[in-house]
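# Coordinate inspection notes
One letter stands for each residue in the lines below.
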Amino acid sequence: MVMSSLKLQDLIEEIRGAKTQAQEREVIQKECAHIRASFRDGDPLHRHRQLAKLLYVHMLGYPAHFGQMECLKLIASPRFIDKRVGYLGAMLLLDERQDAHLLITNSIKNDLNQGIQAVQGLALCTLSTMGSAEMCRDLATEVEKLLLERSPYVRKKAVLTAVHMIRKVPELSDTFLPVCAKLLHERHHGVLLGTITLITELCERSPAALKHFRKVVPQLVQILRTLVTTGFSTEHSISGVSDPFLQVQILRLLRILGRNHEESSESMNDLLAQVATNTDTSRNAGSAVLFETVLTIVDIRSAAGLRVLAVNILGRFLLNSDKNIRYVALTSLLRLVQSDHSAVQRHRPTVVECLREPDASLSRRALELSLALVNSSNVRAMTQELQGFLESCPLDLRADCASGILLAAERFAPTKRWHIDTILRVLTMAGSHVRDDAVANLTQLIGGAQELHAYSVRRLYSALAQDISQQPLVQVAAWCIGEYGDLLLEGSCEETEPLQVEEEEVLALLERVLQSHMSLPATRGYALTALMKLSTRLRGDNNRIRQVVSIYGSCLDVELQQRAVEYNTLFRKYDHMRAAILEKMPLVDRGGPQADEEVKESKEATHLLEPAPVPTEPQASKLLDLLDLLDGPSEDSQQPPPVDPSPEGTLIHLLDLPCAPLAPAPIPNLKVFEREGLQLNLSFVRPPGTPTLLLITATATNASEGDVTHFICQAAVPKSFQLQLQAPSGDTVPAQGGLPVTQVLRILNPNKAPLRLKLRLTYNHYGRSVQEIFEVNNLPVEAWQ
Amino acid sequence: MKGRSEEPWPGGSMRFMLLFSRQGKLRLQKWYLATSDKERKKMVRELMQVVLARKPKMCSFLEWRDLKVVYKRYASLYFCCAIEGQDNELITLELIHRYVELLDKYFGSVCELDIIFNFEKAYFILDEFLMGGDVQDTSKKSVLKAIEQADLLQEEDESPRSVLEEMGLA
C-alpha cells in the first residue's frame, strides 16, 4: 500500500499533470481511496502524510470530511509533526458547525498546559482560528494563565487568543480586562501589539470598558511618542518608519478613546500633530501611519487647526503618484466634505484633476467629490470641467455625471440663459443617460424664462436639426418648437447666430422625428402635438400638417392614434376652437419631484377633450400617506414635499447605481433630531447585492449634562415597505458624550417607492419624560433609488 | 448542533486571505470567520472573478459585498485580503507585503511553485505572522526564527529510524 500510495509531492505532480478535469478527478479519487484505507489500518507514523495529501485535494475543492477524525488523532499524538499537520487540518476541516470540533478541546487543553512553546503556539493558533463559543468558555482559564507566561512567544499568542475569545463570548471581557494594565508595560512589540488589539476589542464591546481605559490615554500617547521619536528598534521598522503596524493600532485605539470625549481628545492633540508632521511618507508604510492619523484626527474632538491639517494631508495624498494613496484620500475627503467643507474646498483643483484618472473607481470618487464641491462662486468653472469629463468619461459614470451637472446647475445657475445652455449641452452630450425628470425640468425652466423663449427655440432647433437621436433633447426641442415656433421664424435674436428657417423646414424636421425609428413613443407624441400647435403659430396653410395628422390616425401606436384622431377632429369639426386650445401654455406650478412627473404626464396626455389650459394642482396624495401608523398628530401630509433640499442634503449623492461591479457611493448621514443635547443621526447603507434593501442605523448621542434613560425609538414607513426594527444597543445614552445608543432599521422597498419615514422617540431627560414624533425630511434619494 | 452563521463583529479585522493564480487556481485560503464550505466556495469563486477582471493599472482596493478587498499581484500569484469597512487599506498592503517577504526569506526567492508544493509550510508561516486576522509579531526575524525552531522540532520527531527505513537500510 505504501508503494501504490503517492507521496505528497508526487501527488501534486500527478494532479498538475492531468490534462482534463476528468483525469484530475480520477487521480484524486484513486488517491483518496488509498488515504481512506490508510486511515483505517495504515501506519500511524505516516498518518500526517496522508492527511497532508487530503488537505491538498481539499484546497482543490474536493470533499475531505473523512479526514476530520484523523485530525483529532494527530493532535492527540505526542509527536510534533503530527500535531503540526493535525492542527492545520483542524483549522481547515473542522468548524463549529460540526459536533466533532468540540472533541479537540481536551487536546488543546493538554497542549496548552504542557511546556513546549511551539506546541502551545499551535494550540493557541488553532483556538483563535476556529474556536467556538463553547471551546472558548472551556479554555478561558488556560489562556488567562498563559498571559503571564515567561516566554513572550506564548504571551503574544495568548493575547490574540483572548481577543478571539472575547469576540465569541463577550462575557469573557471580565476575565481579560484586568491583566491589560500590566500588559501595557510590555517591551515586546508583538505582545504590546496584541495588548492594544485586546484593549481595542474590549472598548468596542463595552461602554464600561471604554470608560475604564480612558485612563491609559496618557500611557498610549507616551508609547507612541517614544516609537515615533526615538524608535524602539530597527528590527521593527519598515522603510524608516518605526513599527507601522503598532503605530496604526495605537492610533486606532486612541481614536476610539478620544471619540466624543473632550478631555482625551485634548491630551492627544500634540502627539497627533507630531505624528502628522514627522512621518516620512516616501513609502507606503509611512503613508499608512499618516492615513490612520488623519482618520483619528477627524473622528475625535480635535482642535480646529488640527482638522485643517488633516484635510490638507489628504489633499497632499491626492497629489501622490501612488494611486492607492489617491484612492484612500478621495474616499476620506468624501466623508469629510460636509463637515469640513471649506477645508476640502481648498483642494478643489486637485480633486478636479483626479477626474482624469484612468481607474474608474478613482474617477467615480473624484466625480462625487467634485459635485459636492460645486457652489455658487465656482459653478461656471466646475460645470465646464464636469462637462469636459462627461464627454470622455466611462459609460457607467455618465448618468451620474449628467445628473450631477443638472442638479448643480439647478442649484447654482448664475443666469437663466447659462442654465438653459448647460442643460442643452448635457442633453446633447449624454441625452440618453439623463434622468426622466430632465425633460420636465427643462421645459419648466424655458417656459418660465419668457425673455429667453426666442433664444431657446433657436438653440434647440439647431441642435435638433443636427441630431434627432438623443431622446430627452428631441422631446424638449419638439415641445419648444411647438410652443414658440412663431419666434423661430421671426428671424432676429441677437444672442444666437442669425438663423433663417423656412416653415417647411420646421415641419419637415418634426416629421422626421415622427418617422424615425430612433424616436420613442413618447417622443413621437411630443412631435405630433408640436406639429399641431404649429398649425396656429405658422402662417402657411395647414395642408401639410393636416396630412400628417390624418395619416397618424391609423397609426399602430394607440397613443399616437388617439392623438391624431383627436387633432383631426379638431381640424374638421372644431376648427373655431383650435386657436384657443392650442394657445401657449401657462407656467405650471413646480412642486417636488413627484409633482413634476404629474406635470409631465399631464402635458403629454393633454387630450383636447378638456378645455385647455388646465393648471395642475400640486399632487401630494400620490406620495403615500404615512397613515399615522403611530399614535400622534399627523404631520403636514397635505403639503407637497419641499422643493429645495436643505443645503447639506442631496448635492453629493445623486448617483443612481449603474451596473453591478462598481460599489454604490456612500450615502450621507442625516441629522434628524436634536433637543437639549440629545441628537439622533441616521446613516444609510444599501448593500450591493440587494437593491431593495436599505439599512438605516439610528445613532443617539448625548452631549448634555444629564443622562438620557428609557430611550425608545420607533419608526413607521409607508405601506408598500417592510420595516424591521432590530434590538437597540441599549436604552441609556449617558451624558457628556457617553456611548451612543444605536439601532438598526431594515427596510425592504420592493416597489422602489420614495422613502418616507416617521419616527417616535420617548425617553427621560432631566427628570422629565419626553415624547417626540416627527417625519424625517430630506431623506437622500439614494436611499430608495 | 445547528450551524451558526457568522456574526459580524465590530473593530477592524481581517475576514479572510486568499492566494490564487492568474488561472483562478486557489493556492491558499485562510478564513478568520466561521462559514460553511459551500458559502466559502461561492465567495472564493466570486471574488476571484472580480479580482482577475481588474486591469493592471487599477488601484489595489475594491469594494465587494459589504467588505473592502485589498489585493496585490506578485508574479503569477494574487494575494487577496478581505477586511472590515473601518480598516486601513494601506496598512493591509504592508501586511501582505510582509507575508510575501517572509515566504521569500523562507523559500529563498519564492515562486508560485514553492507555494504549491509546500502549501503546509505557507500556512505555518502565515500562522506565525497572523492570528485571528491580527498581526502577532512585527519582527521578520522573530517570525522566521519561530518557523525554524518548529521545523527543527519536526525533524527531530521524524526519528532517524524511519529515515533509515525509507532508505531501505533497516
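Residues numbered from 1 in each chain as written. Chains lettered and ligands numbered in written order. Predicted model: local features only at pLDDT ≥ 70, side-chain atom pairs only at ≥ 80, totals over all residues. Heavy atoms only, no water.

For chain B, the helix and strand inventory stands at 6 helices and 7 strands. Element order for chain B, N to C, with α for helix and β for strand: β-β-α-β-β-β-α-α-α-β-β-α-α. Burial statistics for chain B: of 170 residues in total, 59% are counted as buried. Contacts spanning at least 24 positions in sequence make up 49% of the contacts within chain B whose residues lie at least 6 apart. Accessible area of chain B: about 7500 Å², with a carbon and sulfur share of 52%. (Helix = DSSP H or I, 4+ residues; strand = E, 2+ residues; numbered from the N terminus. Buried < 20%, exposed > 50% of the residue type's maximum accessible area, 1.4 Å probe, protein only. Contact = heavy atoms within 4.5 Å. Areas by Shrake-Rupley, 256 points an atom, 1.4 Å probe, with all protein chains shown as cover.)

What follows covers a positive patch on the surface. Residues and elements named next belong to chain B. A cluster of basic residues, Lys38, Lys41, Lys42 and Arg45, forms a positive patch at the surface. With respect to the helices and strands, the residue lysine 38 is situated in helix H1 (residues 37-52). Residue lysine 38 is classed as exposed on the basis of its relative accessible area, which comes to 73%. (Patch = residues over 30% accessible without salt bridge, like charges linked within 9 Å, V, L, I, M, F, W, Y side chains within 5 Å. Salt bridge = Lys/Arg side-chain N within 4 Å of Asp/Glu carboxyl O. Lys, Arg positive; Asp, Glu negative; His and termini not counted. Charge placed at Lys NZ, Arg CZ, Asp CG, Glu CD.)

Residue and element names in this part refer to chain A. Notably, glutamine 736 is not glycine yet its phi reads approximately 50°, a positive angle. Among the secondary structure elements, glutamine 736 is positioned in the loop between strand S5 (722-725) and strand S6 (741-748). Of note in the backbone geometry, lysine 752 takes a positive phi value of approximately 50° without being a glycine.

Residue-level contacts link 79 residues of chain A with 70 residues of chain B. Contact between chain A and chain B buries roughly 6800 Å² in total, counting both sides, with carbon and sulfur atoms accounting for 55%. Of all residues in chain A, Met59(A), Arg84(A) and Arg97(A) give up the largest surface area on contact with chain B, accounting jointly for 12% of the area buried on that side. In this structure, the connection of chain A to chain B is made through 7 salt bridges. Where Glu63(B) meets Arg365(A), a salt bridge forms, and the shortest distance between an N and an O atom there is 2.9 Å. Scanning the region where chain A abuts chain B turns up 22 residue pairs in polar contact (both at pLDDT 80 or more). Per-element accounting of the side of chain A that touches chain B gives the leading share, 8 residues, to helix H9 (residues 152-168) of chain A. (Buried area = accessible area lost by both parts, 1.4 Å probe. Polar contact = N/O pair within 3.5 Å; in protein donor to acceptor, adjacent residues only side chain to side chain.)

Attention now goes to the packing of aromatic side chains. Summed over the entire model, instances satisfying the criterion amount to 15 aromatic pairs over all chains. Relative to Phe119(B), the ring of Tyr56(A) lies with its centre 5.5 Å away and its plane at 55°, an arrangement referred to as tilted. In this pair, Tyr56(A) is assigned in helix H3 (residues 47-59) and Phe119(B) in helix H4 (residues 119-129), connecting two distinct chains. Note on Phe673(A) and Phe774(A): the rings are 5.5 Å apart at their centroids and 5° apart in plane angle, and the pair reads as stacked. Taken as a pair, Phe673(A) in strand S1 (residues 670-675) and Phe774(A) in strand S8 (residues 768-775) lie far apart in primary sequence, 101 residues in all. Classification of Phe673(A) as buried rests on a relative accessible area of 7%. An aromatic cluster is built from Tyr56(A), Phe119(B) and Tyr123(B), whose rings are joined through pairwise contacts. The aromatic ring of Phe66(A) is capped on one face by Arg36(A), whose charged end is 4.1 Å from the ring centroid. (Phe/Tyr/Trp six-rings, centres within 6.5 Å; stacked < 30°, edge-to-face > 60°. Lys NZ or Arg CZ within 6 Å of the ring centre and 35° of its normal.)

What follows is about the pattern of salt bridges. Enumeration over the complete set of coordinates arrives at 47 salt bridges over all chains. The partner of Glu112(B) in a salt bridge is Arg27(B), with the nearest N and O atoms 2.9 Å apart. Of this pair, Glu112(B) sits in helix H3 (residues 112-117) while Arg27(B) is found in strand S2 (residues 26-31), placing the two residues 85 residues apart along the sequence. Glu112(B) gets classed as buried once you look at its relative accessible area, which sits at 15%. On the basis of relative accessible area, Arg27(B) is assigned to the buried category, the value being 8%. Residues joined in a network through salt bridges with shared partners are Arg252(A), Arg255(A), Arg259(A), Glu292(A), Asp299(A) and Asp87(B).

The next subject is helix H4 (residues 68-76) of chain A. Along H4(A), the residues that are buried comprise Gln68(A), Glu70(A), Cys71(A), Leu72(A), Leu74(A) and Ile75(A). On its buried face, H4(A) sits against helix H2 (21-41), H3, helix H5 (80-93) and helix H6 (104-113) of chain A.

The subject of this paragraph is helix H15 (residues 244-258) of chain A. The end-to-end C-alpha distance of H15(A), which contains 15 residues, comes to 20 Å, matching closely the 21 Å that a straight helix rising 1.5 Å per residue would cover. Within two residues after H15(A), Asn260(A) carries a phi angle of roughly 60°, on the positive side. (Expected span 1.5 Å × (residues − 1).)

Quick look at the domain arrangement of chain A now. By the assigned domains, chain A splits into domain 1 (415-582) and domain 2 (670-783). Here the C-alpha centre of domain 2 of chain A lies 48 Å away from the C-alpha centre of domain 1 of chain A. (Domains from an automatic or database assignment.)

Moving on, we get to the nonpolar core. Of all hydrophobic cores here, the largest spans 282 residues; its most connected members are Phe16(B) and Tyr99(B). With 12 residues, helix H28 (residues 471-489) of chain A is the largest single contributor of residues to this core. When neighbours within four sequence positions are excluded, Phe16(B) is seen to be in contact with Lys30(B), Trp31(B), Tyr32(B), Leu33(B), Met43(B), Leu47(B), Trp64(B), Leu67(B), Cys80(B), Cys81(B) and Ala82(B). Counting residues in each nonpolar core, the second largest holds 35 residues, with Leu678(A), Cys713(A), Phe721(A) and Val781(A) among its members. (Core = buried A, V, L, I, M, F, W, Y, C linked by side-chain atoms within 4.5 Å.)

Turning our eyes to something else, we now look at the environment of Asp707(A). Residues and elements named next belong to chain A. Tracing the sequence through the fold places aspartate 707 in the loop between strand S3 (693-702) and strand S4 (708-716). Look at aspartate 707 and you get partly exposed, because its relative accessible area is 43%. Note: C-alpha distance between aspartate 707 and histidine 765 (58 residues apart in sequence) is 6.4 Å. In contact with aspartate 707, not counting residues within four places along its chain, are Asn702, Val733, Pro734, Ala735, Asn764, His765 and Tyr766.

Residue and element names in this part refer to chain A. Taken over all residues, the pLDDT of chain A has a mean of 85, while the share at 70 or more is 88%. The secondary structure element of chain A with the lowest average pLDDT is helix H34 (residues 593-604), at 43, and the one with the highest is H15, at 96. Predicted confidence is poor over residues 592-663, with pLDDT under 50, and the contacts of this stretch with residues over four places away or in other chains come to 134 contacts. (pLDDT = per-residue confidence, 0-100.)

Sites flagged by UniProt as "domain: AP complex mu/sigma subunit" (unreviewed entry) map to residues 14-153 of chain B. Between the C-alpha atoms that bound residues 14-153 of chain B there is a distance of 30 Å. The span itself is 47% helix and 26% strand. (UniProt positions renumbered as here; feature names shortened; annotations may be inferred.)

In this structure, Thr331(A) sits in helix H19 (residues 323-336). Looking at Thr331(A), its side chain comes within polar contact range of the side chain of Arg365(A), at 3.0 Å.

Time to look at the pairing of S1(A). Residues and elements named next belong to chain A. As paired strands, S1 and strand S2 (residues 678-685) are joined by 5 bridges and run antiparallel to one another. Bridging from a neighbouring strand, arginine 675 pairs with leucine 678 of S2. Linking S1 back to S2 in an antiparallel pair, the connection comprises 2 residues, with glutamate 676 at a positive phi of about 50°. (Pairing = 2+ DSSP bridges.)

With that settled, the discussion passes to the confidence of the model for chain B. All names here are of chain B. The pLDDT averaged across chain B works out to 87; a share of 86% of its residues lies at or above 70. Per-element confidence in chain B is highest for H4, whose mean pLDDT is 97, and lowest for helix H6 (residues 160-167), whose mean pLDDT is 58. Here residues 1-8 scores under 50 on pLDDT; set against residues more than four positions off or in separate chains, the count is 18 contacts. Among the scores for the predicted complex, ipTM is 0.90 and pTM is 0.72.

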